[in-house]
Amino acid sequence: MAKNNWRETTLGEFVRLQRGHDLPDADRRHGVVPIMGSAGQNGFHDTAKAKGPGVVVGRSGVGSMGVVTYCATDYWPHNTVLYVTDFLGNDPRFAYYFLGHLNLRRFDSGSAQASLNRNYIYPIPIRVPDSIEQCAIAHILGALDDKIELNRRMNKTLEAMARSLFRSWFVDFDPSRAKVEGRAPRLPDQLAALFPDSFDSSDLGEIPKSWLVTPFADTVEIIGGGTPKTSVPDYWNGDILWFSVADAPSDFDVWVIDTQKTITRQGLESSSSRILPIGTTIISARGTVGRIALVGVPMAMNQSCYGLRGKAGARGFFTYFSTLELVASLQQRAHGSVFDTITRDTFAGVYIALPPTELIQAFEARVDIMLSRMRVALFDSVNLANLRDALLPKLISGQLRVTDAERITATALPLTRYS
């Protein structure tokens, strides 16, 4: 492919970098300005030090040195980063993708701690297209990232709605309180009838009449995990997903649909793990205690986790949100001489106010559309990210024309073509 509109240059002639600015936690003030650290955004402040859109590169830190992050708004670049002070006429978002593609982690300046020195990387020879091509490339890749971000925000909203409904019904008991106070519960009559119109005293405080204070362990089937021998290659890199705490999703994504490691059928049969069906709640039980996920595709898990299958409610959503509410109590009861650990007895030591099965089923039916949409959005985002990651190196290097990339992405996104 001819690249007549591409030029040979150096990184230092492509962008200008500067070390970020210190901002101790004690000096941070409430605001909406993102603080950009070496591994990405790590908080907010009320004052910006740099104009957006901006690009920052992790300057130090194991695992974060060389990480490139984009910020669309004005921001505060932390002293753990190098940030672009001048794009020298280049497209900022293209610069973000281009710098990420360079894999700057390779250019450790050689100090005791992983560190990136701008003077060390400025002489790197690079080849970049003209500004029109840069904008077109950034548009294609950015549209994919924007859709992923839209999915993320949608999932955050849907999770908040589902959690809010759970708390209203099963923690704050709002429908029953409304009845006691002579107010309408604002629910369909058949559903409202499932909520008692009075309360009983219990060890958990007042709970709706006839609900039972029950050990959490009695409401679930507790499933253990296992790890195949790492010394046996035939046990690993198979087609069975294998969950560890590193695979736990963000709080609002809820579902886990992929894992870093996989095992073979032979590996599964050699260990105490088993395949967990969709809708199983996983909770990390050792070390980093209390990370939670809802199984989105069948998978196995390691021995540092428990799987929880609710005895009432076929979809598993009531168990997931119950576990979420109990995390703080489970963490307080964790123990161990080296690592904090949750045991089966820990689940027996915490209690919930257990509603009738019909009410659990009604809740799960009500939030099913929310949780199902979230799961679909996660698969969509994975596909979009895979497409972006496949296109990025070819577009950045000029191996793929923008017009060809637009055709490839046409089925994924309605892109506006650059002329």
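Parameters at a glance
Each chain carries its own residue numbering, running from 1 in the written order of its sequence. It should be noted that, the model being predicted, local features are given only for residues of pLDDT at least 70 and side-chain atom pairs only at 80 or more, the latter also being counted only at that level, while totals for whole chains, interfaces and linings use all residues. Only hydrogens and water are set aside when side-chain values are computed; all heavy atoms of the structure are taken into account. Only buried residues count toward a nonpolar core. Its members are Ala, Val, Leu, Ile, Met, Phe, Trp, Tyr and Cys residues joined through side-chain atoms within 4.5 Å. Residue burial is assigned from relative accessible area. The probe radius is 1.4 Å, only protein chains are included, and a residue is buried under 20% of its type maximum, exposed over 50%, and partly exposed in between. Numbered from the N terminus, helices here are DSSP runs of H or I no shorter than four residues, and strands are runs of E no shorter than two. In what follows, residue pairs with any heavy atoms lying within 4.5 Å of each other are defined as contacts. Between N-to-C directions, angles span 0 to 180 degrees; the directions come from axes that are lines fitted to C-alpha atoms, helices contributing only their stretch in contact. The scheme is simple: roughly parallel for angles under 35 degrees, roughly antiparallel for over 145, roughly perpendicular for 65 to 115, oblique for anything else. Between Lys or Arg on one side and Asp or Glu on the other, a salt bridge is scored when a side-chain nitrogen of the former is within 4 Å of a carboxyl oxygen of the latter. In summary, the pairing rule links any two rings of Phe, Tyr or Trp, Trp by its six-membered ring, whose centres are within 6.5 Å, and it sorts them by plane angle into stacked for under 30 degrees, edge-to-face for over 60 and tilted for everything else. Placement of a charge over a ring requires the Lys NZ or Arg CZ to be within 6 Å of the ring centre, with the centre-to-atom vector within 35 degrees of the ring normal.

(A) View of the nonpolar core. Counting residues in each nonpolar core, the largest one holds 50 residues, and the members touching the most others are Trp-169, Trp-255, Ile-342, Phe-347, Phe-363 and Leu-371. Only α4 (131-170), α6 (189-192), β13 (220-224), β18 (292-295), β20 (305-310), α8 (317-333), β21 (351-354) and α10 (357-397) provide two or more residues apiece to this core. Per-element tally for this core: the top contributor is α10, with 8 residues. If we ignore the near neighbours within four places in the chain, the residues touching Phe-347 are Pro-215, Phe-216, Ala-217, Ile-222, Ile-283, Tyr-306, Leu-308, Leu-330 and Ile-342. Grouped together as the second largest cluster of nonpolar side chains are 43 residues, Val-55, Leu-82, Leu-144 and Ala-405 included.

(B) Representation of the environment of Gly-310 within the structure. Inspection of the secondary structure assignment puts Gly-310 in strand β20. For Gly-310, a relative accessible area of 26% puts it in the partly exposed group.

(C) Looking closely at the packing of helix α2 (residues 92-101) against α10. In the contact formed by α2 and α10, the axes pass within 10 Å of each other and the chain directions differ by 100°. In terms of their interaxial angle, α2 and α10 are classed as roughly perpendicular. Of the residues in α10, those in contact with Phe-94, Tyr-97, Phe-98 and His-101 of α2 are Leu-392, Pro-393 and Ile-396.

(D) Representation of the pattern of salt bridges within the structure. Using the criterion set out here, one finds 17 salt bridges in the structure. Here Arg-93 ties to Asp-146 by a salt bridge, and the two come within 3.0 Å at their closest N and O atoms. Here Asp-146 lies in helix α4 and Arg-93 lies in helix α2, a separation of 53 residues in the sequence. Relative accessible area serves as the criterion here: at 19%, Arg-93 is assigned to the buried category. With a closest N to O distance of 2.6 Å, Asp-145 and Arg-388 form a salt bridge. Pair noted here: Asp-145 is in helix α4 and Arg-388 is in helix α10, with a separation of 243 residues, a long-range link.

(E) Just the packing of aromatic side chains, in detail. With the rule as written, the count across this model stands at 24 aromatic pairs. Centre to centre, the rings of Trp-236 and Trp-242 are 5.1 Å apart; their planes meet at 85°, and the pair counts as edge-to-face. Each member of the pair, Trp-236 together with Trp-242, is buried. Between the aromatic rings of Tyr-320 and Phe-321, the centroid separation amounts to 5.1 Å while the plane-to-plane angle is 85°, which identifies the pairing as edge-to-face. A single burial state applies to Tyr-320 and to Phe-321, both of which are buried. Each member of the aromatic cluster is reached from another via a ring pair, and the members are Phe-166, Trp-169, Phe-170, Phe-173, Phe-195, Phe-199, Trp-211, Phe-318, Tyr-320, Phe-321 and Phe-363. Its guanidinium or amino end placed over the ring of Trp-255, Arg-375 lies 6.0 Å from that ring's centre, counting from NZ or CZ.

Just geometry here; none of it tells us what the structure is for.
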